[in-house]
Amino acid sequence: MKTLPHLIKSLKLNYVNPNITEANFPDDGRRGKVEIIDFNREPTSEKALKEMNGKGYRPATAYELLEWAKDNWNGKDWVVALGQTWRGPGGGLRVLFLWGNAGDRGLDLGWFGPRWPRVCRFAFVRKDSRELEPRKGENLDASDKELLLKAIEGVEKAVKEFRGVFERLKNV
């Protein structure tokens, strides 16, 4: 895995906030396929997290954002990664975001919490099965329901096989 300074250098940015360091944003090793979400409004950090959690996503880490940006960022969009925070000297939580403006490109820190401008996009990663939380049936889309039905069928089959083995062992 690439280090934070290597990822930053590969983006050829005009500006990098000096507080964006491996000490402040340690690599937790998570890597997933980043998807960029445009809320088309000004969400708070909490509302963005809640909405996407309900859809089976987690926020991208700093490393996931930067690895995605190397080949996919257009250098113009403002893209926020809410998956890692750093508590600055003033006590507030900060998160990374990429920005582009009039040909300049940068990596800076924004405040976690307040409303994000409409121009911001957000980097999220679909949760794997270990990260998913149970959801109510009415919130499932068709593909979720299909996967759930297949999983239930698999469990039912395993239970039948287990009962058969148990019955045979009981009679021995």
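These remarks concern the structure in this document. (Residues numbered from 1 in each chain as written. Predicted model: local features only at pLDDT ≥ 70, side-chain atom pairs only at ≥ 80, totals over all residues. Heavy atoms only, no water.)

1. Some points on the environment of Val-95
And then number 1: Within the secondary structure, Val-95 sits in strand E5 (residues 93–101).
And then number 2: Its relative accessible area of 0% is what places Val-95 among the buried residues.
And then number 3: Counting along the chain gives 12 residues from Val-95 to Gly-83, while the straight-line C-alpha distance between them is 7.9 Å. (Helix = DSSP H or I, 4+ residues; strand = E, 2+ residues; numbered from the N terminus. Buried < 20%, exposed > 50% of the residue type's maximum accessible area, 1.4 Å probe, protein only.)

2. With respect to the packing of aromatic side chains
And then number 1: Per the stated rule, a full pass over the model turns up four aromatic pairs.
And then number 2: On the numbers, 6.1 Å between centres and 70 degrees between planes, the contact of Phe-97 with Trp-116 is edge-to-face. Of this pair, Phe-97 sits in strand E5 while Trp-116 sits in the loop between strand E6 (104–111) and strand E7 (120–126), and the two are 19 residues apart along the sequence.
And then number 3: Taking relative accessible area as the criterion, Phe-97 reaches 9% and is therefore assigned buried. (Phe/Tyr/Trp six-rings, centres within 6.5 Å; stacked < 30°, edge-to-face > 60°.)

3. A word on the side chain of Glu-64
And then number 1: Within the secondary structure, Glu-64 sits in helix H3 (residues 62–72).
And then number 2: Classification of Glu-64 by relative accessible area gives buried; the value is 2%.
And then number 3: In terms of polar contacts, Glu-64 uses its side chain to reach the backbone amide nitrogen of Thr-61, at 2.8 Å.
And then number 4: Ignoring sequence-local partners within four residues, the contact set of Glu-64 consists of Arg-30, Arg-31, Gly-32, Val-34, Arg-58, Pro-59 and Val-125. (Polar contact = N/O pair within 3.5 Å; in protein donor to acceptor, adjacent residues only side chain to side chain. Contact = heavy atoms within 4.5 Å.)

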